[in-house]
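Structural overview for review
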Amino acid sequence: MTLEDFSEFTDDEGSADPNEGESADPDEGESADPDEGESADVDGTGDVGTSDGSDAVDGGAGRATQADPDPGVAADRAPEGDAEFAPYDAEAAGSDAGLGVVSVSQGLRVAEEAEDTTLRAFVTTDNRDSVRLGKYLIVPYPDGERLFCRITALEYAQEFRSDDATEIHARRQMRRDDFAERDYKFMAELEPMSVVYADGDGLSRRMTDRVPKPGAVVEAAADDAEIKTGLKIPETGVFLGHLSVGGETVRTAAEPPTVDYRITDDYDDGDPLAFRHTLVAGGTGSGKTHASKNVLRQYLDSDRTYPMDDGREARMAVVQFDPQDEYAQMHDDNPALDAATARRLEREGIAHGGHEDTVALVPTVPNATYSADGHRAEQVEFTIPFSMVNEYDMPWLIAGSGLNDNQYSGLLTLLNRFFDGHGDSGTYRQFLSFLDDPALKTELDETGRVHEKTFEAVMRRVRAVPGGVFDGDAKPITDLDHTLVRPGGLTVIPTYHLASSRQKEMFVLVASTLLIDDKLSNDPGSDRIKETPLLIGMDEAHNFLTDADTVQANRVIGKFTEAAKQGRKERLGLFLITQDPQDVAESVFKQVNTKVVLNLGDEDAIKSVNIPTSLAGKVPYMEQGQMVVYSPDNSEPVELVGLSTCVTRHGD
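Since we're looking at a predicted model, the values are computed, not measured.

1. Here's the deal with unusual backbone geometry
Each neighbour pair has its own omega, and for Glu255 with Pro256 the value is 0°, a cis peptide bond. Assignment of secondary structure puts Pro256 in the loop between β9 (248-249) and β10 (260-263). Non-glycine residue Glu540 carries a positive phi angle of around 50°. Mapped onto the secondary structure, Glu540 falls in the loop between β19 (534-538) and α14 (541-544). You will see that Asn610, though not glycine, has its phi angle at about 55°, which is positive. The residue Asn610 is located in the loop between α17 (603-609) and α18 (613-616) in this model. Asn610 gets classed as exposed once you look at its relative accessible area, which sits at 52%.

As structure tokens, then:
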């Protein structure tokens, strides 16, 4: 027997034939004609009409009888034998607005604690396919204020009392091609984010302090100004991307229909967030370099300036440490950026096109050749003069590994004696020759100034310095401060052509120390560096800002920690890019205010960036260019989609 095959079922008399006992034909057996046979008991009183129709249906006086129906009613009936009822004009007045209405079926409550808040909306059938987790909604109050909220949960609930966990129900559904939406309630759980209200000619926001009315219409947020106000997104600033939900760009009724997300860059709204530091985290192929180029290009815009203490307005200088030689490409236009895209970027106030004032400042060492096939930027080679050890008080430059107190004291004694005899023109090679003098070791030991064993330990450390980093055939970096830092200029320091990580550490350490010390000093060696707003960028920051066993590596961390703590007041910002944020030294990481997180697959990496749980769960599933921005001093945590086309050259 198959489902819905009732041929074997019997009635109470045991008959298997449905025609036995009760006829399906109105002319046979019990008549379907109300004028024939015996009428059914209508209200359970036992009073029924008779076969001749002479009695009232319920026996009550004044009621219509079977035999004598109301002539008015009879006139409205369809002709006998007609299978359809006469049509009525029953079109609904007006039209539906919004996605649904606020429901009180499970409570309606707004509280100071999020877990005590109960705010749910019933979503009508026609709108259910367009509703997504994270979608921004508006709930109006009667006085014109509006509650800005977002969807945090979606749920189907039973519309009628029924059990859909049965064999019959399941197999019936399996034979259907559609789903009966009207059989279920579709409920959206909402998180109140702010109350938006008119304030003069604009809008303002405040914390949620009132509950919406039951049955209030719930609408999709579709006004650019209202969305920005609800999320506390600045109207102006450095462009990062367009607001999105689940990877889909939020659309509005404005032109352009997207909602641009910007980072505060004006002292009128507090310190520019560039000087409170930015971290861009993303795995390989997530689009972090693409996104970083787009952001850095905004800081280099000719219209972007910062007020200085002397009353000047100065443009930002960007110095980018580049282990993959990708950022010098920012000198060139992107051939993939067509005229239509350029016009759209201009309408949105997004800087684009190659940045002409780009210089590749190339470290030089023997047997290492820098190839600039990927860009047309100017190239300037530099070297580290050994005199920096003395002139800039950097004895740790030649301490290949940790020195104890006696060894460090011995190193200082040897350096002072060497520079006293050779002056600032003394070279690293000359210093090694100086240490090779056996008479020097004997003299220092006999006078008790440097013990013989200490002298030998210092010599081993000094000789461990990677070869070729000092006194190369190029201009010393100390003479290139005006090339290193230029208002409105981009300086890229590539390190991919250097053979060893120690060499890379040395060049990054020297350049960053020069920048940070002069920027934070009250007596700088370079007024150019001191008086220019500066953004120091570092790609693959996890390779340079992680705990290590070398003095040089720890000094890099120390310098960047100092910059992170004091940079804001000196107009010095850090822009760190990494695929392993968990490896960045905590002393630097905890000073970062703005975190831009693209796709990350590693659980430890996701935990380390410390973004809200609701957004952290999306990170492993984000496509290239999708990102989460967590910048508490700028806006609510949001999801963005970056520009699909890089504003400068990118890639081969």
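2. Considerations on the packing of aromatic side chains
On inspection of all chains with the given rule, the structure shows 16 aromatic pairs. Seen in terms of ring centroids, Tyr428 and Phe470 are 5.3 Å apart; in terms of plane orientation they differ by 35°. Their pairing is tilted. Remark: Phe470 occurs in the loop between α10 (452-463) and β17 (475-476) and Tyr428 occurs in helix α8 (residues 428-435); sequence separation between them is 42 residues. When its relative accessible area of 13% is taken as the criterion, Tyr428 is described as buried. Linked through ring pairs, Phe386, Phe418, Phe419, Tyr428, Phe431, Phe434 and Phe470 together constitute an aromatic cluster. Positioned above the aromatic ring of Tyr141, the side-chain terminus of Arg210 is 4.0 Å from the ring centre.

3. Overview of the pairing of strand β1 (residues 100-103)
Bridging between β1 and strand β2 (residues 120-123) involves four bridges; their strand directions are antiparallel. Residue pairing in the sheet places Gly100 in a bridge with Val123 of β2. Of the pairings in the sheet, the one linking β1 to strand β7 (residues 217-220) comprises two bridges and is antiparallel in character. Bridging from a neighbouring strand, Gly100 pairs with Val218 of β7.

4. Quick notes on the nonpolar core
In terms of nonpolar packing, the biggest core is built from 74 residues, with Phe386, Ile398, Phe431, Phe470 and Phe560 touching the most fellow members. Aside from chain neighbours lying at most four places away, what touches Ile398 is Phe386, Val389, Leu411, Leu415, Tyr428, Phe431, Arg461, Val462, Val465 and Phe470. Core analysis: the second largest hydrophobic core is formed by 44 residues, Met193, Val295, Leu300 and Met316 among them.

5. A few points about the pairing of strand β14 (residues 317-322)
Burial within β14 is extensive, with six of its six residues counted as buried. Burial of β14 is two-sided: the residues Ala317, Val319 and Phe321 facing one way and the residues Val318, Gln320 and Asp322 facing the other way are all buried. In terms of strand pairing, β14 meets β19 through five bridges, oriented parallel. The residue bridging Phe321 from the neighbouring strand is Met538, located in β19. Two strands pair when backbone bridges link them, and β14 and strand β18 (residues 490-494) are joined in this way by five bridges, in the parallel orientation.

6. Some points on the environment of Ser292
Relative to the helices and strands, Ser292 resides in helix α4 (residues 288-299). The exposure class of Ser292 is buried, given its relative accessible area of 1%. The spatial distance from the C-alpha of Ser292 to the C-alpha of Tyr327 is 9.3 Å, given a sequence separation of 35 residues. When neighbours within four sequence positions are excluded, Ser292 is seen to be in contact with Val280, Tyr327, Phe575 and Ile577. A polar contact of 2.7 Å, which involves the side chain of Ser292, links it to the backbone oxygen of Lys288.

7. Some details on a negative patch on the surface
On the surface, a cluster of negative charge is made up of Glu112, Glu113, Glu115 and Asp116. Structurally, Glu113 can be placed in the loop between β1 and β2. Given a relative accessible area of 44%, Glu113 falls into the partly exposed group.

8. Overview of α8
Of all the positions in α8, only Tyr428, Phe431, Leu432, Phe434 and Leu435 are classed as buried. Summarising the axial view, the buried residues of α8 lie within an arc of 155°, below the 170-degree limit, and thus occupy one face. Buried-residue contacts for α8 involve α7 (405-422), α9 (438-446) and α10.

9. Remarks on the confidence of the model for the protein
Detailed reading of the predicted coordinates is not advisable wherever pLDDT is low. When pLDDT is averaged along the protein, the result is 86; 85% of the residues meet or exceed 70. Low pLDDT (under 50) marks residues 6-69, which in the prediction has 49 contacts with non-local residues, meaning those over four places away or in another chain. Low pLDDT, under 50, characterises residues 71-76; the stretch is placed with zero contacts to residues that sit more than four places away or in other chains.

10. Section: the environment of Ile263
Locating Ile263 in the fold gives a position in strand β10. Sequence spacing of Ile263 and Ala274 is eleven residues, and the spatial spacing of their C-alpha atoms is 8.3 Å. If we skip the residues at most four places from it in the chain, Ile263 touches Thr236, Gly237, Val238, Leu240, Leu273, Thr594, Ser631 and Asn634.

Calculation criteria
- Residues numbered from 1 in each chain as written.
- Predicted model: local features only at pLDDT ≥ 70, side-chain atom pairs only at ≥ 80, totals over all residues.
- Heavy atoms only, no water.
- Helix = DSSP H or I, 4+ residues; strand = E, 2+ residues; numbered from the N terminus.
- Buried < 20%, exposed > 50% of the residue type's maximum accessible area, 1.4 Å probe, protein only.
- Phe/Tyr/Trp six-rings, centres within 6.5 Å; stacked < 30°, edge-to-face > 60°.
- Lys NZ or Arg CZ within 6 Å of the ring centre and 35° of its normal.
- Pairing = 2+ DSSP bridges.
- Core = buried A, V, L, I, M, F, W, Y, C linked by side-chain atoms within 4.5 Å.
- Contact = heavy atoms within 4.5 Å.
- Polar contact = N/O pair within 3.5 Å; in protein donor to acceptor, adjacent residues only side chain to side chain.
- Patch = residues over 30% accessible without salt bridge, like charges linked within 9 Å, V, L, I, M, F, W, Y side chains within 5 Å.
- Areas by Shrake-Rupley, 256 points an atom, 1.4 Å probe, with all protein chains shown as cover.
- Salt bridge = Lys/Arg side-chain N within 4 Å of Asp/Glu carboxyl O.
- Lys, Arg positive; Asp, Glu negative; His and termini not counted.
- Charge placed at Lys NZ, Arg CZ, Asp CG, Glu CD.
- Arc of directions from axis to C-beta.
- pLDDT = per-residue confidence, 0-100.

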